[in-house]
Amino acid sequence: MTARERLNAEAAKRILITDGAFGTEIQNWKLDEAAYAGDLGLPHDQKGNNDILAITKPEVPETITREYLDAGSDIVSTNTFSANLISQADYGAEHLVREINLQSAKIARRLADEYAAKDGRPRFVAGAIGPTNKTLSLSPDVNDPGYREIDFDYLKGVYRDQIDALLEGGVDFILIETVFDTLNAKAGIMAALDAADDLGRDVPIMLSMTLTDLSGRNLSGHTVEAFWHAVRHARPVTIGLNCSFGAEQLRPHVKTLSGIADTLIMIYPNAGLPNELGEYDEMPATTAGLVGEWAAARQVNVLGGCCGSTPAHIKAMADAVRGLEPRVPARPEVRTKLAGLEPFTMAA
């Protein structure tokens with residue numbers, strides 16, 4: 001069976017659990033700059049470069065991944081959200097992009113296989129790809145609306161470098177997450193599809209949109225439904241929402257997406273909304289209770305956490321949904337569905 005087939009087979013039996021946040025968990029280690037930098041001799045301060053820890057302090061992402069697996073995760077992601085040429089340029093570490101992704105993937109793959117061997121339950125690895133700090137849809141210069149810092153082909157190449165290394169390291173899926181710009185996501189999709197063509201095999205894509213306001217749009221202005229229409233051609237193995245807000249604010253948007261997508265739904269919200277200090281106070285039982293409502297309504301297939309979530313949050317979710325029936329993917333009518341910022345369904 002392919003990774004896509006194995007995931008679908010497991011998701012038909014039960015609600016699956018992915019992992020939680022890496023960034024806030026890494027902060028708990030209170031590492032100094034020397035710990036981030038190691039002996040690489042990089043010219044810039046590395047503090048906060050979480051992705052580079054796969055090279056300089058691999059016990060950190062390894063420990064966090066192990067804690068999520070202990071909590072019940074069926075899917076673990078690589079600690080590679082910013083492991084791309086654009087983001088690593090801020091740290092003068094562009095030349096390490098391949099090695100960061102390769103080592104992060106190997107850590108996650110080794111642990112996933114270790115836990116699967118213990119109990120026979122499949123574990124999966126998602127190669128995480130963040131949106132970068134550039135946008136293809138919007139100008140960073142208010143005086144020049146037509147200006148773009150990068151173009152589509154450049155960003156596709158940036159994503160391709162990352163995807164190739166993640167696949168070499170053994171990931172099952174490419175997770176294009178925290179999508180604030182749908183065009184950025186399309187560059188990632190094209191990079192993954194090109195990689196699949198070159199390898200001569202299926203490279204399943206996971207897509208996860210992030211909302212920037214309570215009306216349910218991302219930064220490039222797309223509604224949840226319009227986003228689905230814009231990316232459905234990629235045949236993602238999961239579609240979903242992450243980050244954005246807490247679970248309570250995501251409720252109506254989860255319901256919308258669940259009703260239209262003919263693939264698995266994966267939702268991993270923040271642990272509530274941040275407080276005045278930017279910290280997350282929502283307790284694991286609260287988050288688990290909220291996402292449990294979606295599970296009970298058969299609106300989701302995979303649940304996990306984003307900013308502020310911990311292994312305790314993941315364990316509480318796993319406990320809350322154990323034994324519940326999984327969602328059955330929607331069977332949408334056969335119609336031409338297009339998208340601008342709003343969804344458009346062509347008349348029969």
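Structural data are supplied above this passage.
Keep in mind that what you see is a predicted model, and the values were worked out from it rather than measured. (Residues numbered from 1 in each chain as written. Predicted model: local features only at pLDDT ≥ 70, side-chain atom pairs only at ≥ 80, totals over all residues. Heavy atoms only, no water.)

Our next topic: the overall build of the protein chain. When helices and strands are counted, the protein chain shows 13 helices and 10 strands. What you see for the protein chain is a C-alpha radius of gyration of 19 Å, in line with the 20 Å of a compact globule of 348 residues. Based on the C-alpha atoms only, the size of the protein chain along its principal axes is roughly 60 × 55 × 50 Å. Residue burial in the protein chain is summarised as follows: out of 348 residues, 55% are buried. Here the protein chain has roughly 14500 Å² of accessible surface; of this, 52% comes from carbon and sulfur atoms. Charged side chains in the protein chain number 33 positive and 48 negative. The centres of these two groups are separated by 8 Å. (Helix = DSSP H or I, 4+ residues; strand = E, 2+ residues; numbered from the N terminus. Rg over C-alpha atoms; globule rule 2.2 N^0.38 Å. Buried < 20%, exposed > 50% of the residue type's maximum accessible area, 1.4 Å probe, protein only. Areas by Shrake-Rupley, 256 points an atom, 1.4 Å probe, with all protein chains shown as cover. Lys, Arg positive; Asp, Glu negative; His and termini not counted. Charge placed at Lys NZ, Arg CZ, Asp CG, Glu CD.)

A separate point is helix H13 (residues 311–321). Pro311, His313, Ile314, Ala316, Met317, Ala318 and Val321 are the residues of H13 that are buried. In this structure, the buried side of H13 is in contact with strand S1 (16–17), helix H2 (23–27), helix H5 (59–71), helix H12 (284–296) and strand S8 (302–303). Of the residues trailing H13, glycine 323 is marked for its positive phi of about 90 degrees. (Contact = heavy atoms within 4.5 Å.)

What follows deals with the packing of helix H10 (residues 224–231) against helix H11 (residues 247–260). Following both chains from N to C, one finds H10 and H11 inclined at 35 degrees, their axes separated by 9 Å at the closest point. Relative to H11, the crossing made by H10 is right-handed. Where H10 abuts H11, its residues Val224, Glu225 and Trp228 lie against His253, Leu257 and Ile260. For the contact of H10 with H11, the per-class residue count stands at four nonpolar, one polar and one charged. (Axes fitted to C-alpha atoms, helices over the stretch in contact; angles between N-to-C directions. Left-handed = near helix turned anticlockwise from the far one by under 90°. Nonpolar A, V, L, I, M, F, W, Y, C, P; charged D, E, K, R; others polar.)

Here we take up the pattern of salt bridges. Overall, the coordinates contain 27 salt bridges when judged by the stated rule. Salt-bridge contacts for aspartate 113 lead to arginine 109; the nearest nitrogen and oxygen are separated by 3.1 Å. With aspartate 113 and arginine 109 both in helix H7 (residues 97–119) and four residues apart, this pair spans about one turn of that helix. Measuring nitrogen to oxygen at the nearest pair gives 3.3 Å for the salt bridge that ties arginine 335 to glutamate 333. Looking at arginine 335, the relative accessible area reads 30%, which means it is partly exposed. With relative accessibility at 45%, the residue glutamate 333 sits in the partly exposed group. Shared partners join several salt bridges into a network, and the residues in it are Glu10, Lys13, Arg14, Asp74, Asp119, Arg121 and Arg123. (Salt bridge = Lys/Arg side-chain N within 4 Å of Asp/Glu carboxyl O.)

The next thing to look at is the side chain of aspartate 181. Structurally, the position occupied by aspartate 181 is in the loop between strand S4 (173–179) and helix H9 (182–199). In this structure, aspartate 181 is buried with no salt-bridge partner, the nearest side chain bearing the opposite charge being arginine 148 at 7.0 Å. Polar contacts involving the side chain of aspartate 181 include one to the main-chain amide nitrogen of leucine 183, which spans 2.9 Å. The contact partners of aspartate 181, leaving out residues within four places of it in the chain, are Thr135, Leu136, Ser137, Asn218 and Ser220. (Polar contact = N/O pair within 3.5 Å; in protein donor to acceptor, adjacent residues only side chain to side chain.)

This part is about a nonpolar patch on the surface. Nonpolar side chains collect at one region of the surface, where Leu338, Phe344 and Met346 lie side by side and expose about 270 Å² of accessible area between them. With respect to the secondary-structure elements, phenylalanine 344 resides in strand S10 (residues 343–345). (Patch = residues over 30% accessible without salt bridge, like charges linked within 9 Å, V, L, I, M, F, W, Y side chains within 5 Å.)

As a packed pair, helix H8 (residues 152–168) and H9 sit with axes 8 Å apart at the nearest point and diverge in direction by 50 degrees. Accordingly, the angle class assigned to the pair H8 and H9 is oblique. Both H8 and H9 take part in a crossing whose hand is right-handed. Contacts from Phe152, Leu155, Lys156, Tyr159, Arg160, Ile163, Asp164 and Leu167 in H8 reach Leu183, Asn184, Lys186, Ala187, Gly188, Met190, Ala191, Ala192, Asp194, Ala195, Asp198 and Leu199 in H9. Each residue belonging to the contact of H8 with H9 can be placed in one class, and the counts come to 12 nonpolar, two polar and six charged. (Parallel < 35°, antiparallel > 145°, perpendicular 65-115°, else oblique.)

All right, on to the pairing of strand S6 (residues 238–246) then. Both faces of the sheet carry side chains from a regular strand, because those side chains alternate between them. Most of S6 is tucked away: nine of the nine residues are buried. Pairing of strand S5 (residues 205–209) with S6 involves four bridges; the strand directions are parallel. Bridged to methionine 206 within S6 is threonine 238. One crossover worth recording links S5 to the parallel S6 by way of H10, and it is right-handed. Taking the sense of rotation as the criterion, the β-α-β connection linking S6, H11 and strand S7 (residues 264–270) turns out right-handed. (Pairing = 2+ DSSP bridges. Right-handed = clockwise from strand over helix to strand, strands pointing away.)

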